[in-house]
Amino acid sequence: MPLARSLSVTSLSGLEDWDEDFDLEDAVLFEIAWEVANKVGGIYTVIQTKARMTSEEWGENYFLVGPYVESNVRTQVELIEPTNPALKRTIDKMNASGCKYAAQSEEPPHIVAHFHEWLAGLGLVLCRHRQLPIATIFTTHATLLGRYLCAGNVDFYNKLANFNVDKEAGDRQIYHRYCLERAAAHCAHVFTTVSQITAIEAEYLLKRKPDIVTPNGLNVKKFSAVHEFQNLHAQSKNRIQEFVRGHFYGHLDFNLDKCLFLFIAGRYEFSNKGADLFLEALARLNYLLRVNNSDVTVIAFFIMPARTNNFNVETLKGQAVRKQLWDTAQTVKERFGKKLYESLLVGQLPDVSKIMDKEDFTLMKRAIFATQRQCQPPVCTHNMLEDSSDPILNCVRRIGLFNSSADRVKIIFHPEFLSSTSPLLPMDYEEFVRGCHLGVFPSYYEPWGYTPAECTVMGIPSISTNLSGFGCFMEEHIADPSAYGIYIMDRRFRGVDESCNQLTSFLFQFCKQSRRQRIIQRNRTERLSDLLDWKYLGRYYVSARHMALAKAFPDTYMYELNEPTSASGFRYPRPASVPPSPALSRHSSPHHSEGEEEERYDEDLEAEKDRVNIRQPFKNKTSAVPAGNGSSDDGEKN
């Protein structure tokens, strides 16, 4: 089915601006989710990053409600005593019943309760059943049944309209949870979801069309220096290169300066996250690089947590050998430098053959001998508990990419989340992403997709799909996403083999880019970070709260949402300067001269043109517009 536009499933300026201020002291907002101060998945990131923007709008009338997990409370929550007597009595009663609660607020006449996911949905259903005077919002970040169906290798999107949802939920033993999710969606005054693709899914599986799509944002840190993020990329890349030197010791027969780092990260859902497609594309990319005699080497990282019992001994040995070689080189360097200094001090040119003695050569020979290796560099950095049945390792065995010298594509499977305290790869996730060249996320089921969004705000190009919320969002707001380093695969209207060929083509064309072309592309990618800032995307949540208040309290609040046209909002145009990818070049030859690039590309001028195409950040205003005061009659005002 086509991606039809619905209420605010639209460009950013499709929502109204509110010119009339309203006193938010007369309203209070409760946001309820299982992942409040309790990290389980992406909803934790949504709530955590959005909290600052929401608290700026609502002040002390904003509450987050979640599970009381003692270990999380100690590190993430500050317990406070309420000052309002009525609120204190309520909390004391809850504490006496075994509920833990910490808050501070006034008692307002109008309440908005925003529930996230089916886990919090029971509270919403009870609010409506008991006819409490509360404006309710329900947000599904991924439908429960949709996730189960996709995990079962079902042709999900082509059969979406034909599922017997009650039977499918019953067959998977999730019928009661499914009913709770569906009831919450239907009982809410306002039903929202995180992306257009999930809105279609919810309409068929939950039988209600979302009122508003609320895309997930991030708190974007803008650097004072334009190219500071490029310097961070270089620093992090150097740290990854150090790890690679140790991992491939004895087989380091490729040029690290012509080595590209690709990665995929997330939950270990082999098919849903597209790891199967990525591995097959890497095998085909390896063939293309070899037959074209390319001097580029690709190292693909798989950062997906799986069951392990410890680090691989061979992997740890590689890092120890690298460190030993570094210490040896430093020792010889100090001795050489001291003798050179003394020779120059007496006014004599040094005799190089005499500066280095037998002891120095012995140290270096021992170091070289230590780098001898009889086996191939390991694919997996850990000892897997289920090695023989692991999907990634079995696929690697099938395609035959074992990090041999003849292969131009190497694979490193790191079945553990990254940590700066790791003895193997001591980097946190953000540092690692900054040091890579390309993120690859060919997901089949991805309601939003924080991983490519995080790549974008860090200026790292990424590959996504038109089945992910992020991919659909970028296709809508960028005239030519690939020119900005956002490659979007078609997994919706193409077969698996065609999609794999398209992914292979994207990877091969990326490998053909020059270093300057990659720098240009990173500059463009980083400029898109404004699109993903909560300063912009937060307005969808503001609009949802406006709508909920108007539906629950029609005598007090009024809300009118304009139906956007296909031309409303803004789109980044295609850059006028030189294309960053040879595949997009308008020249007869894909390799034009560096001088021509200098002539056609002006970073500051192009950045200024992009800034013209994005509206000013949305200013936090009111929770709703009082009836009779009216609202902005022009949804396109800045």
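Use the structure listed above.
All values reported here derive from a predicted model rather than from experimental measurement. (Residues numbered from 1 in each chain as written. Predicted model: local features only at pLDDT ≥ 70, side-chain atom pairs only at ≥ 80, totals over all residues. Heavy atoms only, no water.)

A. Seen up close, the pairing of strand 5 (residues 190-193). Here strand 5 shows a buried face lined by Val190 and Thr192 and a second buried face lined by Phe191 and Thr193. The sheet contact formed by strand 4 (residues 134-140) and strand 5 spans four bridges and is parallel. What sits directly across from Phe138, in strand 5, is Phe191. Judged from the two bridges that link them, strand 5 and strand 6 (residues 212-213) form a sheet pairing that is parallel. Among the inter-strand pairings, Thr192 is bridged to a residue of strand 6, identified as Ile212. Between the parallel elements strand 5 and strand 6, the chain passes through helix 8 (residues 196-205) in a crossover that is right-handed. (Buried < 20%, exposed > 50% of the residue type's maximum accessible area, 1.4 Å probe, protein only. Helix = DSSP H or I, 4+ residues; strand = E, 2+ residues; numbered from the N terminus. Pairing = 2+ DSSP bridges. Right-handed = clockwise from strand over helix to strand, strands pointing away.)

B. View of the nonpolar core. Among the nonpolar cores identified, the biggest contains 109 residues, and Val244, Leu282, Phe301, Phe302, Phe432 and Leu507 are the most heavily contacted of them. Non-local contacts of Val244, meaning those with residues more than four positions away in its chain, are made with Leu252, Phe254, Leu256, Phe261, Ile299 and Phe301. Core analysis: the second largest hydrophobic core is formed by 38 residues, Phe156, Tyr178, Tyr444 and Cys472 among them. (Core = buried A, V, L, I, M, F, W, Y, C linked by side-chain atoms within 4.5 Å. Contact = heavy atoms within 4.5 Å.)

C. Summary view of the sheet that holds strand 11 (residues 409-414). Strand order in the open sheet formed by six strands is 11-8-7-12-13-14, and the pairing between neighbours is parallel. Sheet topology places strand 11 and strand 14 (486-489) at the edges, where each strand pairs with a single neighbour. Averaged over all adjacent pairs, the angle separating strand axes in this sheet is 25°, with direction ignored. The pairing of strand 12 (residues 438-440) with strand 13 (residues 462-465) spans two bridges and is classified as parallel. Each residue of the ladder has a partner; that of Gly439, found in strand 13, is Ser462. The strands touched by helix 10 (residues 275-291) within the sheet are strand 7 (259-265), strand 8 (297-303), strand 11, strand 12 and strand 14, with strand 8 carrying the most contacts at an inclination of about 170°. (Axes fitted to C-alpha atoms, helices over the stretch in contact; angles between N-to-C directions.)

D. Structural detail: unusual backbone geometry. Phi is positive for Ala37, which is not a glycine, with a value near 50°. Positionally, Ala37 belongs in the loop between strand 1 (27-32) and helix 1 (42-58). Positioned with a positive phi, Gln173 is a non-glycine residue whose angle comes to about 60°. With respect to the helices and strands, Gln173 occurs in the loop between helix 6 (165-171) and helix 7 (175-187).

None of the figures reported here should be taken as evidence of function without further support.
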